[in-house]
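Commentary on secondary and tertiary structure
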Amino acid sequence: MEIKLSLSADNPPLAVIAAAEVAGIAVSIDSSLPSGSPPTFLFSSGLELHGINVLLRYIGRTASISDFYGRDAFESGQIDEWLEYAPVLASGAEFEGACNYIDGYLLARTFLVGHSLSIADITIWSGLAGNGQRWESCRKSKKFPNLVRWFNSISVEYDAILNKITSTYVGKRGLGKPIAAKAKGKEQQFVDHQTKNANGDVSDKGKGGSRPTFEVDLPGAEVGNVRLRFAPEPSGYLHIGHSKAALLNQYFAQRYKGQVIVRFDDTNPAKESNEFVDNLLKDIETLGIKYETVTYTSDYFPKLMEMSEKLISEGKAYVDDTPREQMQKERMDGIESRCRNNSPEENMKLWKEMIAGSERGLQCCIRGKLDMQDPNKSLRDPVYYRCNPIPHHRIGSKYKVYPTYDFACPFVDAIEGITHALRSSEYHDRNAQYYRIQEDMGVRKVDGWDDPRFPTVQGIVRRGLKIEALIQFILEQGASKNLNLMEWDKLWTINKKIIDPVCPRHTAVIEEGHVLLTLIDGPEKPFVRIIPRHKKYEGAGEKATTYTRQIWIERVDAESISVDEEITLMDWGNAIVKEIQKDEHGNVLRLTGILHLEGSVKTTKLKLTWLPETTELVNLSLMEFDYLITKKKLEEGEDFLDVLNPCTKKVTAALGDANMRNLQRGEILQLERKGYFICDVPFVRPLKPIVLFAIPDGRQQTVSK
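Residue numbering note: each chain is counted from 1, following its sequence as written. Per-residue local features of the predicted model are confined to residues with pLDDT of at least 70, and side-chain atom pairs are confined, for both listing and counting, to 80 or more; whole-chain, interface and lining totals are unaffected and use all residues. Water and hydrogen atoms were dropped before computing side-chain values, which therefore reflect all heavy atoms in the structure.

- Under an unreviewed UniProt entry, the name given to the protein chain is glutamate--tRNA ligase, and the source organism is Actinidia rufa.
- Looking at the protein chain in UniProt, the text filed under Sequence similarities (unreviewed entry) is "Belongs to the class-I aminoacyl-tRNA synthetase family. Glutamate--tRNA ligase type 2 subfamily."
- UniProt positions are given in the numbering used here, feature names are shortened, and annotations may be inferred rather than shown by experiment. The Catalytic activity (unreviewed entry) field of the UniProt record for the protein chain holds the comment "tRNA(Glu) + L-glutamate + ATP = L-glutamyl-tRNA(Glu) + AMP + diphosphate".

Printed below as a string of structure tokens:
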């Protein structure tokens, strides 16, 4: 049924527009209603609905999103309460008071109602966004950390949809008539768009008649250290789009005194031929492109096959026999394939069928196991390899399987040392895919001069070093001390003395093998206590700790407990473990115990960290770093490459307490019984982990391989 949304241009119902877009409900907009008229849905059947909340409830009930209007009558009632509360955000005098109320409400919550997005979230989000600059000022003031965290989470999850709506209907002064885009000169539009694409993408939008000015920079480019590639597919003749890409590669190579290589992306034998290769090279020479060498993606087929097998064995890729149309629909809807959790052994067996080009193999493809719920659909398990029995124009019938561009390009770029990939604007959303695939492959280069393993100021500060510690360390060395051989342990020891008295404390439990402890006499309903984030430093603030009947503890702790042993649960009290269940291999599966809060913490051997069994816990990615080389000092004539440390980073998945949603990038904290960490990537949304870098404390151990 077709739906038209009629509204008043001076007061568009932002929540209705946003909810319809998020829910995927097609609505045409007519802004001809007189001022003060309620927004109206006009259906093709002739029926009508009037009023913001009525329209929101209609969207909530008809949306394909699960529980968009609550999972039961009670949650629907809670959503109605928020719809009725939302107009207070449009009241100038009550705006900050409302922000303060919602901020407190969101202290230990991810969503306003239940455990998933609802029209309540969209409505309150729209109410805040509709205040324009006033809300932006509040976001920057840090007065409402929970509210800002929640707002940012929704903004990132539905970035493209919500940005489009706010840019159309919200100005600096708040909600109002649709904002007309300012016209730019064609030349400036071309330059601006190139400048915005931080990953080197080149826009196709600059089609002005005047000669464009190419005074734009490649991000992170260094003179003499730029290597570019022009990578056409040999499936046709050089056209204007190709020419533009080739000329821009040459322009930047000349500007930065770098190199250009020509690489033929020959991964689809059904479309390619030597005729196209020869003519493309001829046209490239006609354009005056000076390239260093010519390579072919097919040169790397053996290494690409080895890489695909490596990813399969590591559980980062799988073989899928889902029909293509069904697979496309599942990717659009965020539905995981039934093959996604097949064992590496089963996947490897089917991969061999693909290599052989058997009837069974021809039904299959290899897909990367990335993130089927990511709003960026290019990350929803893209295809890496497909069967194709057609002979290749260079290597004949040697292969029956061929890599996709998405899989081959990140790998070959890394192998060939490409520093910048100039790609047209339609690839902009695929940049995240490109880097994620490189990361899974293990071919991603060191991030940059702020890499936390580097002894640069940016690197050590990113790793958690306070400048006060660096100053104190240098002063203690004395003017005559040889600083070429840095005493890193001492530097980090000084740093620990500075951060320990003030950094807040939080709790994390390693995810692998974590064990559930059921407290028989624990609280029937969860309750929350507000406790200090640092027991000896009031300035660290407070945190909300939830107490539940079932709690998570780490496997290593569970394995150290004996039946009838009394233990201390930190920030709660003592408990006695009455039962330990193990599997046939002796691994602890679950524990049962009783609280003994009157017990003395002085008499227990084990003081354990724990987390409540709730849906509000956050995912963490704990990163530890080691030295880049295995020796303190290189001897004269010693080759740097001979002493490179093969393992300088270890990543551990963990769960963290809900308060960590409010961590800001660069904030330092202590994870109880684990050490000091600095937040490198804060909370964005539930599926994306918070990234914490371990801060050395002067007693650094070698990172495990």
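Past the structure itself, the notes keep going.
1. Some words on the sheet that holds strand 25 (residues 618-625)
- In this description, strands pair whenever DSSP reports at least two bridges between them. Secondary structure elements are defined from DSSP: runs of H or I of at least 4 residues count as helices, runs of E of at least 2 residues count as strands, and each element is numbered from the N terminus. Pairing is mixed in the open sheet, where seven strands are placed in the order 14-27-28-29-25-26-15. Edge positions in the sheet fall to strand 14 (505-506) and strand 15 (508-510), since each of these pairs with one other strand and no more.
- Lying over the sheet, helix 19 (residues 488-499) contacts strand 27 (668-671), strand 28 (675-681) and strand 29 (690-695), oriented at roughly 120° with respect to strand 29. Residue contacts are defined here by distance: any two heavy atoms, one from each residue, within 4.5 Å place the two residues in contact. In this description, a line fitted to the C-alpha atoms serves as the axis of each element, helices being fitted only across the stretch in contact, and the angle between N-to-C directions of two axes falls anywhere from 0 to 180 degrees.

2. Quick look at a nonpolar patch on the surface
- Patch definition: residues above 30% relative accessible area lacking any salt bridge, with like charges linked at up to 9 Å and the nonpolar side chains Val, Leu, Ile, Met, Phe, Trp and Tyr linked at up to 5 Å. Per-residue and other accessible areas were derived by the Shrake-Rupley procedure at a 1.4 Å probe size, with only the shown protein chains allowed to occlude residues. Between Lys or Arg on one side and Asp or Glu on the other, a salt bridge is scored when a side-chain nitrogen of the former is within 4 Å of a carboxyl oxygen of the latter. On the surface, a nonpolar cluster with roughly 450 Å² of combined accessible area is contributed by Val457, Val461, Ile467, Ile471 and Leu475.
- Taken together, the elements giving at least two residues each to the nonpolar patch come down to helix 17 (457-462) and helix 18 (467-477).
- If you tally residues by element for the nonpolar patch, the top one is helix 18, at three residues.
- Relative to the helices and strands, Leu475 resides in helix 18.
- Note on classification: 1.4 Å probe, protein chains only; a residue is buried when its accessible area is under 20% of the maximum for its type, exposed when over 50%, partly exposed between these limits. The exposed category is assigned to Leu475, whose relative accessible area is 67%.

3. Some remarks on the pattern of salt bridges
- Counted under the stated rule, the structure contains 30 salt bridges.
- One salt bridge in this structure joins Lys143 and Glu96, with 2.8 Å as the shortest N-O distance. Linking Lys143 in the loop between helix 6 (133-141) and helix 7 (145-157) with Glu96 in helix 4 (residues 95-105), this pair joins segments that are 47 residues apart in sequence.
- In this structure Glu96 comes out as partly exposed when scored by relative accessible area, which is 34%.
- Among the salt bridges present, the one from Lys310 reaches Glu314, with a minimum N-O distance of 3.2 Å.
- The class of Lys310 is partly exposed, set by a relative accessible area of 31%.
- Three or more residues joined by partner-sharing salt bridges are found here, namely Arg229, Arg263, Asp413 and Glu416.

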